[in-house]
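Observations on chain architecture
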Amino acid sequence: DHYVRISSRRGRSAAAGEVASRRTKTVMQTSRPVFNTERMAFVVPHYGAEYKLEVVDADTDSPVGTAFLSAQGLLHGQRDAMLAGGPVRLLLGLLGSTPGPRRVRLELRTGVRTGFGLDYYASPGTSGWVEVDVRLLEDASLFRSASPRRCPPRDGEDFDVALIQLHIARIGRLYEDVARVAGAYVYVVSWESRELTSVSLVIFLYTCLRFNMEYIGSLPVGTLVLYMVYLAYLRLSGHFKERWTDVEKLALIKRESKVNMNQSIYRPLGLLRVGDLRGRNIRSRDLGLPGSFYVSILYDPARYADARASSELANVDVSSGCAHEIGSTVSPGITASPEWNSIEDSAELTHVKHMLPNITDILDHTRHEAAGSMGGSERRSSIGYPIPTPITERVREVVMASDNEPATNTRLSLLPWEESHGAVVLQVKYTEVLSSFFDNVLGEVVIPIAKLVGSGNKGVEGWFRVLEAGTKDCIPGDEPESPRSAPDPAGDGDAGSYQRSSSSGKGTAPPIEHPQVHVRVNFSPTVIAGDSALQKSDIEASKVICEEMARTASGKQSSGGSVIGSSLNTINTVRTLGGNLQNQLAFVVDLVEQGRNAFNFSSPQITIVLFVCLLALWSILATIPTRIIVLAVGLVQYSATFYSKFFYKPKRTVRNTSDEVDKEVTGNPLENLCLSIPTDEDLRRTYFWEAKREGERERKKLAAAKRESRLEKLWKTQWHGTLKIKRNDPDTSLWRWESAFALIEGHRFIWWKSEKHFDTGEASEGSLFFAGHAGLSGLSPLDLRELPTGDIPSVVSIFGRGQQGQQKVTCLAPDHTAKQTLENAVIFASSDTKAD
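Residues numbered from 1 in each chain as written. Predicted model: local features only at pLDDT ≥ 70, side-chain atom pairs only at ≥ 80, totals over all residues. Heavy atoms only, no water.

1. Some details on the overall build of the protein chain
Helices and strands together make up the secondary structure of the protein chain, namely 24 helices and 28 strands. A total of 836 residues make up the protein chain; the buried ones form 41% of that total. The contacts in the protein chain between residues at least 6 apart in sequence include a share of 71% that link residues at least 24 apart. On the protein chain, roughly 46,600 Å² of surface is accessible, and the fraction owed to carbon and sulfur atoms is 56%. (Helix = DSSP H or I, 4+ residues; strand = E, 2+ residues; numbered from the N terminus. Buried < 20%, exposed > 50% of the residue type's maximum accessible area, 1.4 Å probe, protein only. Contact = heavy atoms within 4.5 Å. Areas by Shrake-Rupley, 256 points an atom, 1.4 Å probe, with all protein chains shown as cover.)

The structure is reproduced here in C-alpha cells:
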C-alpha cells in the first residue's frame, strides 16, 4: 500500500500561506500503483526552489524511495523539450507560448536523509521509478512589466564543508575554461597544425593591412556574434548536453589513461612481510595510562619524498597519492605491553587476494613461513603485501613490454629499490569509543624500504621508538631487560644494526620509558616474476595490483574531510562565519556562471534577445566610425550631468509607509531576468543521473576488456559468463532466479553476484570443487515441478564439494549455446585428473 507525498523546502522566501507538503490517495496491494489524483499546484518562491517527491509505504509511513525536483531543473527540461519539438514548437516557445504538462520519469533513490540539495545526489541506490506529469509556469510580468514585483534571490544554505568544496570546485572549473581558451589560442599560433596556423596568419595580416581601424569596435562584437552562432548550432544539435552528460565518462577515461600510464611498463612485484608485533610502555600521552591499542600496518610509497619529488611521483604513479593499508592487529585488551598475535587483512589486500587466484597461496605460505621462523611459534601472526617496483620519468634501461617483446620506454623507467621513497609505517592507535571523534593515532614507527633492501635477505627485527605521526625518523629502541634467550633459528634477523646497547654504568639515572614497538620486517624484491622469461600472468598480475592501488589512492583523494569543534559555541561560531563566507562565495560564482550562460543558449529566450541586441550593435559599429560613437556617448553623458546641475529642480514629495513598502516589493526586469538564468551547478544537477549512466556504460566497456585479459592470463578459465542461479529462501518454500557471474578455473566452479563484483575484487558467493563424485546431474522431480516449462531446456545442474560438503547448484543459461559450452566445460573439469 503506497501513496506519494510531495514536500517543498521551506526557506525565508517561501510564499505566505503556502502549504509545505501534499499527498495523493493510497493505492492498495500493488507494486505498480497508478495515482490518479487531482492536479497539485505549488507557488514557486524563487528559481532555486526544491521539491521532494516520496513514495511512502502506508503501513509504516516510511518512504521506499525519494525523487527530487528543482525549479531550474524543470525549466531546463521544458527548454530541452521545446528545442527537440521541431521549428514550430520552438517558435511558439520563443514567442512565449504556455508549455503543456511534460511526463518525466524519475529514479526513486534510497538511503536519502533530507532529500534536498547535495544529500539527494549522494544516495547509494535505487528502488524503482515514478512517472509524473509536471510543468512550471513563469510569471511573464517579471520580465515584461515596467514595474514588476521583485523576484527573491535564492535562499542561503547552512554551513556545510561539502558546499565549500563544491564552490571551490566550481571556481576550478571556471579557471579550467579560461585555461582551455588560452590553450586554444596557443595551439592556433604554435604551428602544431600548420594548416590552421597558416589560415590564422593570413586572416591576421589581412585584418591589419586592409581593415579600416575607424570601425575597430565592430570586431569584438562581430566575433562574439559568430561565436554565439556556433553555440546555437551546438544547442540545436544536442551537443550542449554532452558537456554535462559526458563528465563522468571523460573523468573515467582520464583516470584510466593515468592508470594505463603506470602500466605502460612491467613493474616487478616485491613482497613485504611484517610480523612479530609487540609493544612496550604503550600508554596514553595525556594521562600516561595503559589502554587498548592496536597497530595499523601501512605502506606509504612517498613517505621520504620531498614536496617536489612527491609532485613528480604523483604525475607518473597514481598509487603514490596515499598510504595503503596492509592490515591491522586485534587489540589484546588494556595493557601497556601488548602482544598483537592476530593480524587481519585490510580491504585493499582482500580485494587483491580475490582478484589474483595464485597470490593467496603465496601470501599464506609467507605467513606460515614467517611465523615458523619466529622461534617456531605459530601464535605470532605475520602478513604479506605485494608492492610494485617504483617508477620514474628518467630513462634507465630497455624495459620488457607485454608479450615478452623488449621495448625502450622514453617516458617511464624502473627505479631501483635502493632509491625508493617508500616506507613501512606502523601506526599505534587507540580502540576506545571516544577515539572515533578525535585523532586516535598515538604515534608511528617508520622503516624505509631502502633500508630493508640494504639489509639483504636478513630483514629487520628489533624494538623501535614510537614517534609522532608523520615522522620520517627511524630510531631503534632500548635493549629489553630480558632479551630472548633463544637465537633466531633462521638466522635472518638483523637486530643488531637497529638496536642500541644499554649502558652498565653505576649511579646512572633510570632510563626514560619511551613507547616502543617490536617488529620483524622482511622484503623480497620479486614475488611473481622469476628468473625465467616473463609470463603473461606475471605482467597481468602486476597490472591488477597497480590498478587496485591506484583505485584506492583515487578514492581517498576524492573523499572529503570533516570539521570537529571543541564546544557548542565554537561550532556555532564556525557555522555562522563559514555560512556567510559560503553564501557570499556561492553568490559570486553564481553571478559569473549566469553571465556566461546568458550567451550559450542555456535559456534560449534570453540568449536570442541578447543575440538580436548584439547583432544590432554590430550593425551600428560596422556602419558608423567608432570614434563618432564614442564622441556621441561622451557628449550625452556630459549633457546629462550639465542639465542635472544647472536646470533640473527636483520636486519635493512626501514619502509614506506604503510607498516604502511598494518600493521594496517593486523589482527590476533586468535583475529578474538575470536571476532566471541557470548556473552551471543547476545544469550539472539537471543532467547528473544521465551523466552517471553514461559513466557506468563507459565503465562497463573498459571493465570488459580488463576482465577478458584477467580471465585469460591469470585465471586461465575453461568457461566464464553470466547466468542465473536458483536461490531458495530458507524461511519459506519460495525460490527465485538471481543473476550471477561464474567461471570454471581448474577444478573449481566459482560464482559472484555480478561482473562488477568480480572486477572490483569482492568475495565470491560460492564455489564447488570437482572432487570425487562431481559433475553434471539431471533435474530432480522437485525441480521439474518447480521450474517453469520454458526454463527447463536451459537449466544446468552442477554438483560437487562445497563449503558444507556435497552441494548442488542449479543454473539457468542465457541460451542453448551457452548451456552447451558450460556443460562441456563441467564435463572436462570433472573428468580431468585431480587429487581428491
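2. A look at the pattern of salt bridges
Scanning all chains against the criterion turns up 47 salt bridges. Residues Arg170 and Asp590 are paired through a salt bridge, measuring 2.5 Å at the closest nitrogen-oxygen approach. One end of the pair, Arg170, is in helix α5 (residues 161-189); the other, Asp590, is in helix α15 (residues 568-597), with 420 residues separating them in the sequence. Comparing Arg170 with Asp590 shows no difference in burial state: the two are buried. (Salt bridge = Lys/Arg side-chain N within 4 Å of Asp/Glu carboxyl O.)

3. Focus: unusual backbone geometry
A positive phi angle, near 55°, is found at Asp276, a position not held by glycine. Residue position: Asp276 is located in strand β7 (residues 269-280).

4. Re the nonpolar core
Ranked by size, the top nonpolar core spans 50 residues in total, and within it Leu272, Ile297, Leu426, Ile449, Leu452 and Val517 carry the most contacts. In contact with Ile297, not counting residues within four places along its chain, are Val274, Leu277, His324, Glu325, Ile326, Gly327, Ile343, Ile383, Val425 and Leu426. Core analysis: the next-biggest nonpolar cluster, separate from the first, contains 21 residues, Ala67, Leu69, Val130 and Leu142 among them. (Core = buried A, V, L, I, M, F, W, Y, C linked by side-chain atoms within 4.5 Å.)

5. Focus on helix α24 (residues 816-831)
For α24, built from 16 residues, the straight-helix expectation of 22 Å at 1.5 Å per residue is met to within 8% by its first-to-last C-alpha distance of 23 Å. Its side-chain oxygen at 3.2 Å from the backbone nitrogen of Thr817, Asp815 defines the N-terminal cap of α24. (Expected span 1.5 Å × (residues − 1). Polar contact = N/O pair within 3.5 Å; in protein donor to acceptor, adjacent residues only side chain to side chain.)

6. Let's talk about empty space enclosed by the protein
As enumerated under the stated definition, the model contains two cavities of 30 Å³ or more in all. Taken as a whole, the largest cavity holds about 110 Å³ of empty space. Looking at the largest cavity, it is lined by 14 residues, and the ones nearest its centre are Arg267, Tyr299, Pro301, Asp317 and Pro390. Here the residues of the lining of the largest cavity sort into eight nonpolar, four polar and two charged. (1 Å grid on protein atoms, 1.4 Å probe; cavity = no way out; pocket = protein on both sides within 12 Å on 5 of 7 lines; lining within 4 Å. Points joined across faces, edges and corners; volume = space filled by probe spheres on them. Nonpolar A, V, L, I, M, F, W, Y, C, P; charged D, E, K, R; others polar.)

7. Concerning the pairing of strand β23 (residues 735-745)
Of the strand pairs in this sheet, strand β22 (residues 719-728) and β23 are connected by 10 bridges, and their pairing is antiparallel. By the bridge assignment, Leu723 is partnered in β23 with Ala740. With antiparallel pairing between neighbouring strands as the criterion, β22 and β23 make up a hairpin whose turn holds six residues. Judged from the five bridges that link them, β23 and strand β24 (residues 748-752) form a sheet pairing that is antiparallel. (Pairing = 2+ DSSP bridges.)

8. Quick word on the packing of aromatic side chains
Applying the stated rule across the entire model yields 19 aromatic pairs. Taking 5.7 Å as the distance between ring centres and 70° as the angle between the ring planes, the aromatic pair formed by Phe68 and Tyr121 counts as edge-to-face. Note that Phe68 is positioned in strand β4 (residues 62-70) and Tyr121 in helix α3 (residues 118-121), a separation of 53 residues in sequence. With respect to burial, Phe68 and Tyr121 carry one shared label: buried. Between the aromatic rings of Phe293 and Tyr430, the centroid separation amounts to 5.1 Å while the plane-to-plane angle is 45°, which identifies the pairing as tilted. Note that Phe293 is positioned in strand β8 (residues 291-300) and Tyr430 in strand β18 (residues 423-430), a separation of 137 residues in sequence. Phe293 sits in the buried class, given a relative accessible area of 1%. Here a set of aromatic residues connected by ring pairs shows up, and it is made of Phe68, Tyr120, Tyr121, Phe688 and Trp689. Its guanidinium or amino end placed over the ring of Tyr3, Arg23 lies 3.7 Å from that ring's centre, counting from NZ or CZ. Of note, Arg109 hangs over the ring of Trp689, and the distance from its end group to the ring centre comes to 3.9 Å. (Phe/Tyr/Trp six-rings, centres within 6.5 Å; stacked < 30°, edge-to-face > 60°. Lys NZ or Arg CZ within 6 Å of the ring centre and 35° of its normal.)

9. Some details on the environment of Leu768
Of note, Leu768 is situated in strand β25 (residues 766-769). C-alpha of Leu768 to C-alpha of Gly802: the two residues are 34 residues apart in sequence and 4.8 Å apart in space. Once residues lying within four places of it in the same chain are set aside, the contact partners of Leu768 are His747, Arg748, Phe749, Trp751, Ile798, Phe799, Gly800, Arg801, Gly802, Gln807 and Val809.

10. A closer look at a nonpolar patch on the surface
Taken together, Trp191, Leu201, Phe204, Leu205 and Leu209 make up a surface patch of nonpolar side chains, about 560 Å² in accessible area. For Phe204, a relative accessible area of 51% gives the class exposed. (Patch = residues over 30% accessible without salt bridge, like charges linked within 9 Å, V, L, I, M, F, W, Y side chains within 5 Å.)

11. Digging into the packing of helix α7 (residues 218-237) against helix α16 (residues 604-623)
Where α7 meets α16, the closest approach of the two axes is 9 Å, and the angle between their N-to-C directions is 145°. Seen from above, α7 lies across α16 with left-handed handedness. Residues Ser218, Val221, Gly222, Leu224, Val225, Met228 and Val229 of α7 pack against Thr607, Phe611, Leu614, Leu615, Leu617, Trp618, Leu621 and Ala622 of α16. (Axes fitted to C-alpha atoms, helices over the stretch in contact; angles between N-to-C directions. Left-handed = near helix turned anticlockwise from the far one by under 90°.)

12. Brief notes about the confidence of the model for the protein chain
Per-residue confidence for the protein chain averages 81 on the pLDDT scale, and 82% of its residues sit at or above 70. Predicted confidence in the protein chain is weakest over strand β16 (residues 406-407), with a mean pLDDT of 42, and strongest over β24, with 94. Low pLDDT, under 50, characterises residues 482-507; the predicted model gives this stretch 46 contacts beyond four residues in sequence or across chains. Every residue in residues 560-577 scores below 50 in pLDDT, and together they form 12 contacts with partners more than four places removed in sequence or on other chains. (pLDDT = per-residue confidence, 0-100.)

13. Points about the environment of His518
Its location among the elements puts His518 in strand β21 (residues 516-524). Among the polar contacts made by the side chain of His518, one reaches the main-chain carbonyl oxygen of Asp276 at a distance of 3.1 Å.

14. Details of the environment of Thr552
Relative to the helices and strands, Thr552 is located in helix α14 (residues 536-558). On a C-alpha basis, the gap between Thr552 and Gly321 in space is 9.1 Å, while along the polypeptide they are 231 residues apart. Residue contacts for Thr552: discarding those within four places in its chain leaves Cys322, His324 and Glu348. A distance of 3.0 Å separates a polar side-chain atom of Thr552 from the backbone oxygen of Glu548.

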